[in-house]
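# Understanding the architecture of this molecule
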Amino acid sequence: MNPSLRDEATYEQDRLERYVRKQEQETGLSRREILKKLFGASVGLASAAAFTGRAYAAEPLPPIVKPTPNDKFITLSTNRETRFEALKGVGEVTPAALFFIRNHTTTPRIDGATWSLRIEGPGVTNPRNFTLADLEALPQVTQTRAIECAGNGRSFYGSQQGTAGSGTAWRLGAIGVGTWTGVRLSTLLELAGLKNTAVDILPEGLDDVFPAAGTHVSRPLPIERATDDDVLVVTKLNGETLPQDHGYPARLLVPGWIGIANIKWLGKITVAEEALFNYFNTTQYTFIGGSYGPLGPSSPVLGRQVVKSAFELPFPATFTAGLKLITGRSWSAHGTIKRVDVSFDEGTTWTRAVLKNRGNDPQGWVEWQVQWNAKAGSYGLKARATDSAGNVQPVTTPFNTNGYQFDAIVRHPAVVS
Ligand SMILES: Nc1nc2c(c(=O)[nH]1)N[C@H]1C(S)=C(S)[C@@H](COP(=O)(O)O)O[C@H]1N2
Ligand SMILES: [Mo]
């Protein structure tokens, strides 16, 4: 893997190149024609690089609306990673101000008063629009659940396993646990006359077309999952209006599934009577490369997330010698966390951590703590979680090209002086 692919801009460029090559093969169109289809005639046609550059240069809006100060967030191109040390002492629910942001392009500025969500397609008999007032008049459900990027932990493929995955180089802060309020998607689908022949839905965001995909951000979702009781169209985060950066006026919430399933700024949901494929469940968000082989019809598509743990410490951490109360969080999309073990000696010996909110929400996380008598030296701190389904964090995660779902135990460097 070319290490420069870890840089976001290079990565987007690489994705665009891959898209263009695939289109050349599939459609027989020339590079020039494909780029023209993607970007229109007004943009120079020299190279994909020129397009990406121009597209960003011409964009007048900052990609993110809310303040993301450096002591709380790490800036990664159009994205913001929550610093885990900023979560120390804040409780189970991530405040909106600290919630990580993953934007493929730019937060759109949408007027909730004129906005509506369209549900249409061959899989419904009664295509219709829902305004914000329509949504708020329907029965409301509130649940505390995580949203976590599929690439959370990606940087550790490179730093721990020596094979960098391509994409945003997150450490472990591409996760937030919110208390979300909204309407069951199944309620909306029923009102739109859901047919029993429906197979997949395609929820689409109102943010800009993502150049590498040639479409709006949109991730196909099987109707079986879409109609589960925990899948919501949410309009509130932590009891407040959904913040602009997190999907205002409405976003999808698909608990336990990779972040991309939780489409922000929902504009349209198409219900299809066939399986749907686009960039977001083929080129991206599938397991390819390494032992998975090249992209093809049998490439595994990502769905449910994995088990992870993180220390609420700066990375790397520094201490003065003495007795320390070390805190962290663990989470699993497969249930609750039953047990967390922490090692201060590179995994030779382990201490069982005390879990704070035992019986934590499924697909939320558990806060834990453990005492450490820190003596001068350099250390690798490790935390290993076990969930209610019996999943234990492994020592390594098999490589995949796009660096998804790194669930291995992370070595957190620490220096005690
Ligand atoms: N419309 C739209 N929805 C989107 C995205 C996006 O760029 N556009 N990013 C997805 C990804 S990859 C993730 S991880 C989550 C991030 O949600 P957050 O920014 O609210 O934390 O939103 C998902 N939904
Ligand atoms: Mo993501």
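Before reading on, note that the structure itself is shown above.
In short, a report on the structure. Nothing here was measured: the structure is a model prediction, and the numbers come from that model.

About the criteria used
Residues numbered from 1 in each chain as written. Chains lettered and ligands numbered in written order. Predicted model: local features only at pLDDT ≥ 70, side-chain atom pairs only at ≥ 80, totals over all residues. Heavy atoms only, no water. Phe/Tyr/Trp six-rings, centres within 6.5 Å; stacked < 30°, edge-to-face > 60°. Helix = DSSP H or I, 4+ residues; strand = E, 2+ residues; numbered from the N terminus. Buried < 20%, exposed > 50% of the residue type's maximum accessible area, 1.4 Å probe, protein only. Lys NZ or Arg CZ within 6 Å of the ring centre and 35° of its normal. Contact = heavy atoms within 4.5 Å. Salt bridge = Lys/Arg side-chain N within 4 Å of Asp/Glu carboxyl O. Pairing = 2+ DSSP bridges. Polar contact = N/O pair within 3.5 Å; in protein donor to acceptor, adjacent residues only side chain to side chain.

## Focus on the packing of aromatic side chains
Using the criterion set out here, one finds 19 aromatic pairs in the structure. Note on Phe 156 and Phe 406: the rings are 6.0 Å apart at their centroids and 40° apart in plane angle, and the pair reads as tilted. Taken together, the positions of Phe 156 in helix 5 (residues 155–161) and Phe 406 in the loop between strand 20 (377–387) and strand 21 (412–416) put the pair 250 residues apart, joining distant regions of the chain. Side by side, Phe 156 and Phe 406 carry an identical accessibility label, which is buried. Across the ring face of Trp 350, the terminal group of Arg 384 is positioned such that the distance to the ring centre comes to 4.1 Å.

## Thoughts on the environment of Ile 147
Looking at the secondary structure, you find Ile 147 in strand 5 (residues 141–148). The sequence separation of Ile 147 and Phe 100 amounts to 47 residues, and the corresponding C-alpha distance is 9.3 Å. Not counting residues up to four positions away in its chain, the partners in contact with Ile 147 are Phe 99, Phe 100, Ala 174, Ile 175, Gly 176, Trp 180, Arg 251, Leu 253, Gly 259 and Asn 262.

## Looking at the pattern of salt bridges
Side chains carrying opposite charge are able to pair once their charged atoms draw close together. Scanning the model with the defined rule gives 14 salt bridges in all. Glu 346 is the partner of Arg 411 in a salt bridge, and the nearest nitrogen-oxygen pair spans 2.7 Å. Here Arg 411, found in the loop between strand 20 and strand 21, pairs with Glu 346, found in the loop between strand 16 (337–343) and strand 17 (351–352); they are 65 residues apart in sequence, far enough to count as distant. By relative accessible area, Arg 411 is classed as partly exposed at 33%. What makes Glu 346 partly exposed here is its relative accessible area of 36%.

## Quick word on the sheet that holds strand 13 (residues 307–311)
Spatially, 13-15-19-18 is the arrangement adopted by the 4 strands of the open sheet, whose pairing is antiparallel. Single-partner strands in this sheet number two, and they are strand 13 and strand 18 (354–355). Across 2 bridges, strand 18 lies against strand 19 (residues 365–374) in antiparallel orientation. Bridge assignment links Leu 355 to a residue of strand 19, and that residue is Trp 368.

## Examining the side chain of Lys 264
As for its position among the elements, Lys 264 is in the loop between strand 11 (251–253) and strand 12 (266–272). Among the polar contacts made by the side chain of Lys 264, one reaches the side chain of Asn 103 at a distance of 2.8 Å. Dropping the residues within four chain positions of it, Lys 264 is found in contact with Ile 101, Arg 102, Asn 103, Gly 205, Leu 206, Asp 245, His 246, Gly 247, Ala 250 and Arg 251.

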